[in-house]
Amino acid sequence: MTKRNIFYSFHFENDCWRTGQVRNIGVVEGNSTVSDHDWEEVKKGGDIAIQKWIDNQLHGRSCTVVLVGEKTRGRKWIKYEIEKSWNDGKGVVGICIHNLLNRDGKSSDIGKNPFADFTIKSNGEKLSDILKLYNPPYKVSTNVYKHISENISNWVEEAIKIRKNYKS
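It should be emphasised that the depicted structure is a prediction, and the values quoted were computed from it without experimental measurement.

Take the side chain of threonine 72 next. Within the secondary structure, threonine 72 sits in the loop between strand 2 (63–68) and helix 4 (76–87). Residue class for threonine 72 comes out buried when judged on its relative accessible area of 0%. Setting aside residues up to four positions removed in sequence, threonine 72 forms contacts with His11, Asp15, Val66, Leu67 and Ile78.

Laid out in structure tokens, this is it:
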């Protein structure tokens, strides 16, 4: 199976460490990591600069993987990334990462489904009824990591297929 070129959407402040673990799996090609300093520079440019950066990162991607932590849902730029990805015809899938340990060796509470914030205008259907949000069935971080690494490529392929076959 060919590696897919994907975009990772996540809450930078809370989940950067956990996201790094998922990126390191290496089963799919993801967007390049951004240092705290680089992200601060992008943010200094305001909303226009952030949107342009996101748009550039999404260009050429076939799927957006939303890494869902405790505070992911409702964040302005994550909502933008989900909506833009869906509207651009990209696959979109969510993976709960709350049981991966952060840099302090702690897990967090499970986050709410970020897809529940979207309704398709043409038919009133919720994205949360269309898109998959996977919650690895383990509490131990190493088991969660292993589960994600064994399944992420299939989840990405499924997300691309769901989007391709969706007719509103």
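Structure's up, so let's keep going.
Let us now look at the sheet that holds strand 1 (residues 6–9). One open sheet accounts for 4 strands, arranged 1-2-3-4; its pairing is parallel. The open sheet terminates on both sides in strands that have one partner only, identified here as strand 1 and strand 4 (133–134). As judged from the 2 bridges shared by strand 3 (residues 91–96) and strand 4, these two strands associate in the parallel manner. Across the sheet, residue glycine 94 finds its bridge partner in strand 4, namely leucine 133.

Residue position: glutamine 57 is located in helix 3 (residues 46–58). With a relative accessible area of 15%, glutamine 57 lands in the buried category. Taking C-alpha positions, glutamine 57 is 30 Å from asparagine 143, a pair spaced 86 residues apart along the chain.

Take the nonpolar core next. Residues Tyr8, Val22, Val65 and Ile148 are the most contacted members of the largest nonpolar core, which totals 22 residues. For this core, the secondary structure elements donating two or more residues are strand 1, helix 1 (12–23), strand 2, strand 3 and helix 5 (141–165). Looking at which element gives the most residues to this core, the answer is helix 5, with 7 residues. Beyond its immediate chain neighbours, meaning those up to four positions away, valine 22 contacts Tyr8, Leu67, Ile97, Leu100, Ile148 and Ile152.

This paragraph deals with the environment of histidine 98. With respect to the helices and strands, histidine 98 occurs in the loop between strand 3 and strand 4. Classification of histidine 98 as buried rests on a relative accessible area of 6%. Residues in contact with histidine 98, not counting those within four places in the same chain, are Arg18, Val68, Ser107, Ser108, Asp109, Ile110 and Asn135. Among the polar contacts listed, one links the side chain of histidine 98 to the side chain of asparagine 99, at a separation of 3.2 Å.

Another point: the pairing of strand 2. Summarising burial for strand 2: 6 of the 6 residues are buried, a large majority. Residues Cys63, Val65 and Leu67 line one face of strand 2 and the alternating positions Thr64, Val66 and Val68 line the opposite face, and both faces are buried. In this sheet, strand 2 lies alongside strand 1 in parallel orientation, the contact comprising 4 bridges. Within strand 2, the position partnered with tyrosine 8 by the bridge is valine 65. For strand 2 and strand 3, the ladder comprises 6 bridges, and the chain directions are parallel. Opposite valine 66, over in strand 3, you have glycine 94 as the bridge partner. The parallel pair strand 2 and strand 3 is bridged by helix 4, and the resulting crossover is right-handed.

Bringing the state of the cysteines into the picture now. Scanning the model with the defined rule gives 0 disulfides in all. As a non-bridged cysteine, cysteine 16 has cysteine 96 as the owner of its nearest cysteine sulfur, 19 Å distant. Judged by its relative accessible area of 3%, cysteine 96 falls in the buried class.

Reading the values: rules and limits
Residues numbered from 1 in each chain as written. Predicted model: local features only at pLDDT ≥ 70, side-chain atom pairs only at ≥ 80, totals over all residues. Heavy atoms only, no water. Helix = DSSP H or I, 4+ residues; strand = E, 2+ residues; numbered from the N terminus. Buried < 20%, exposed > 50% of the residue type's maximum accessible area, 1.4 Å probe, protein only. Contact = heavy atoms within 4.5 Å. Pairing = 2+ DSSP bridges. Core = buried A, V, L, I, M, F, W, Y, C linked by side-chain atoms within 4.5 Å. Polar contact = N/O pair within 3.5 Å; in protein donor to acceptor, adjacent residues only side chain to side chain. Right-handed = clockwise from strand over helix to strand, strands pointing away. Disulfide = S-S within 2.5 Å.

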